[in-house]
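Observations on chain architecture
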Amino acid sequence: MNQKRPSIVIVGRPNVGKSTLFNRLIGTRRSIVNDQPGITRDRIYGEAVWRGRAFDVVDTGGLVPDDRAAIPREIFRQAQSAIAEATSLVLVVDARAGVTPLDLELARRLRQTGKPFVIAANKVDTLRQEDLSSQFYEIGTDVFSVSAEHGLGVDALLDGLTADFPATPEEEATTPEKAETQVAIIGRPNVGKSTLLNQLAGVERSIVSDQPGTTRDVVDTVVIHDGRSYRFIDTAGIRRKGKTTAIAEKLSVVMARKHLERADVVLLTADAALGITAGDATIAGYAEESGRSVIVVMNKWDLAIQKAQEAAKEAQKNRGDKQHKHNRDRRAKPLPSDPARLAAEYEPLVRERLKFIPYAPIIFLSALTGDRVAKLYALIDQAAEARKRRISTGELNRWLASVDLSRGTSPGAHRIKIYYMTQSGASPPTFILFTNQRQRLHFSYERFLENRLRAHFDFFGSPIRFIQRFREREREDRERLARKRRQAD
């Protein structure tokens, strides 16, 4: 979301092909496309370059201005925010359906904004169908016949939209990535991921609702904080396959897991009032397998504290007067509902449920109130820096010489020797081990080695990968074979 560049905002009523056109313009599948109306809800940002002119493209949800239901009303409000920032607007209509009253109403509202807009008469899949778009000239603006699905007419549409856009310097137009930290917000439905994104961004970028599954598309938001750039990726809530029935929800889960691979750091968001569930642990497993750095965000901490306070009051109420007097006479102790003590008692429970990611820091916060949300930035910076850290081979092997390798346990293996170690990659940190073993080191021994390595070099929040090589044993086998051949000769 680069405010310095021109932006094209795509609007229209539900199910006219806005997301298909958006994906066509940016050249990748970012928005979910399905025949079911109302799939897109949040505004989705993408980047594109056409004839040397770089610009942003914004996809919005299907607009129904007079709908009083919560989700359509929020979709309309999100679209209004995108329109306010737009350079040009594209009203997408269904050429096969003809001009509808809702198309005319949306055109009237776009004209009131004072922003230039054009009509994209979609679903004109052949040249013979171009006459279908002529009926939209009554709206009083330029009309382009397009097929978003097949690409027909899209070049003419882009020529018309970008004619007045400034040319972009070649080095900027061809640079696909910016120096920014990619942060994915993942978790089960209704744990507060969108609320957290809105707090981090300082604006309402995602629709927030008590209804689970509100977010479907992946929402990107670039935030500049203390001079550093962060791209936050809000994903749909991930549920078990058996719990996802609607095709749109299945697609959103697939997209969420796919975009997890884009991230440097993952904010694994869970509901502190409920604790870590099996679903949270499964999602944490996805993050660990992907090699992302992980920060466990225990959201709704204000509700957890409130529940603990209510439980403490209820416990006190049920005690006898004698016990009450005895407690008052003793030195005052903090109640279990004391936030600091509660966090100290809560963290081991979280660690126990997520024991396979012991490297992940845990933060307790409330996205709704904003309490402690700002502390996330320091953790993100530390995790992002650690996952890119490289250790020289000399320093690694000097460290290796100081480690008592006999303290590691490996069931069924003879004495383990590690002859040599080198770092082969970063993001996540990956190390090659040359050992005397014929099989891969037992996971318990790898965990022992990982813990020592992490403690010494501070790979904060990042998984560590090992690749094993059997250099010494292979050399011994070659030498033994050569001796046998010489003896045979």
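The notes below deal with the structure included here. The shown structure was predicted, so the numbers you read here are calculated from the model rather than taken from an experiment.

Overview of the packing of aromatic side chains
Per the stated rule, a full pass over the model turns up 13 aromatic pairs. Centroid distance Phe 232 to Tyr 377: 6.1 Å. Interplanar angle 80 degrees. Geometry classified as edge-to-face. Of this pair, Phe 232 sits in strand S9 (residues 228-234) while Tyr 377 sits in helix H12 (residues 376-387); the two residues are 145 residues apart in sequence, bridging distant segments of the chain. Like Phe 232, the residue Tyr 377 is buried in the burial classification. For the pair Trp 301 and Phe 364, a centre-to-centre distance of 4.5 Å together with 40 degrees between the ring planes defines the contact as tilted. Of this pair, Trp 301 sits in helix H9 (residues 301-318) while Phe 364 sits in strand S12 (residues 362-364), and the two are 63 residues apart along the sequence. For the pair formed by Trp 301 and Phe 364, the shared burial category is buried. Of the aromatic side chains, those joined through ring pairs into one cluster are Trp 399, Phe 431, Phe 457, Phe 459 and Phe 466.

Things to note about unusual backbone geometry
For the bond running from Ser 427 to Pro 428, omega is 0 degrees, close enough to zero to count as cis. Tracing the sequence through the fold places Pro 428 in the loop between strand S13 (418-425) and strand S14 (430-435). The phi dihedral of Lys 123 falls on the positive side, at around 70 degrees, and the residue is not glycine. Looking at where Lys 123 falls in the secondary structure, it is placed in the loop between strand S5 (117-122) and strand S6 (143-145). Overall, Lys 123 belongs to the partly exposed group, its relative accessible area being 24%.

Focus: the packing of helix H13 (residues 393-402) against helix H14 (residues 443-457)
It is the contact of H13 with H14, at a shortest axis distance of 12 Å, that shows an interaxial angle of 120 degrees. Put simply, H13 runs oblique to H14. Classified by chirality, the crossing of H14 by H13 is right-handed. Touching Glu 395, Leu 396 and Trp 399 of H13 are Leu 449, Arg 452, Leu 453, His 456 and Phe 457, all from H14. Its residues placed into classes, the contact of H13 with H14 shows 5 nonpolar, 1 polar and 2 charged.

A few points about helix H11 (residues 339-353)
In a regular helix each residue adds 1.5 Å, so 15 residues correspond to 21 Å; H11 covers 21 Å between its end C-alpha atoms and thus fits that length. Residues of H11 that are buried make contact with strand S10 (265-271), strand S11 (293-299), H9 and S12.

Observations concerning the side chain of Asp 103
Looking at the element boundaries, Asp 103 is found in helix H3 (residues 101-113). Reaching out from Asp 103, the side chain makes a polar contact with the side chain of Thr 100 at a distance of 2.9 Å.

Conventions we followed
Within each chain, residue numbers correspond to sequence positions counted from 1 in written order. Selection of residues for local features in this predicted model requires a pLDDT of at least 70, selection of side-chain atom pairs for listing and counting requires 80 or more, and totals for whole chains, interfaces and linings are taken over all residues. Values shown for side chains rest on all heavy atoms present in the structure; no hydrogens or waters enter the calculation. The criterion for an aromatic pair is that two Phe, Tyr or Trp rings (for Trp, the six-membered ring) have centres within 6.5 Å, with stacked assigned to planes under 30 degrees apart, edge-to-face to planes over 60 apart and tilted to the rest. Only DSSP runs of H or I with at least four residues qualify as helices, and only runs of E with at least two residues qualify as strands; both kinds are numbered from the N terminus onward. Each residue is assigned to one of three classes by its accessible area relative to the maximum for its type, calculated with a 1.4 Å probe on protein chains only: buried under 20%, partly exposed between the two thresholds, exposed over 50%. What counts as an axis is a line fitted to C-alpha atoms, over the stretch in contact for a helix, and the angles between N-to-C directions run from 0 to 180 degrees. Each angle is binned into one of four classes, with values under 35 degrees roughly parallel, values over 145 roughly antiparallel, values of 65 to 115 roughly perpendicular, and all other values oblique. Note on convention: near helix rotated counterclockwise from far helix by under a right angle means a left-handed crossing. Clockwise means right-handed. Contact between two residues is taken to exist if any of their heavy atoms lie within 4.5 Å; hydrogens are not considered. By the convention adopted, Pro, Cys, Tyr, Trp, Phe, Met, Ile, Leu, Val and Ala count as nonpolar, Lys, Arg, Asp and Glu as charged, and the other residues, Gly among them, as polar. Multiplying 1.5 Å by the helix residue count minus one yields the expected span of that helix. Residues adjacent in sequence count toward polar contacts only when both atoms are side-chain atoms; beyond that, a polar contact is any pair of N or O atoms within 3.5 Å, and within protein one must be able to donate a hydrogen and the other to accept it.

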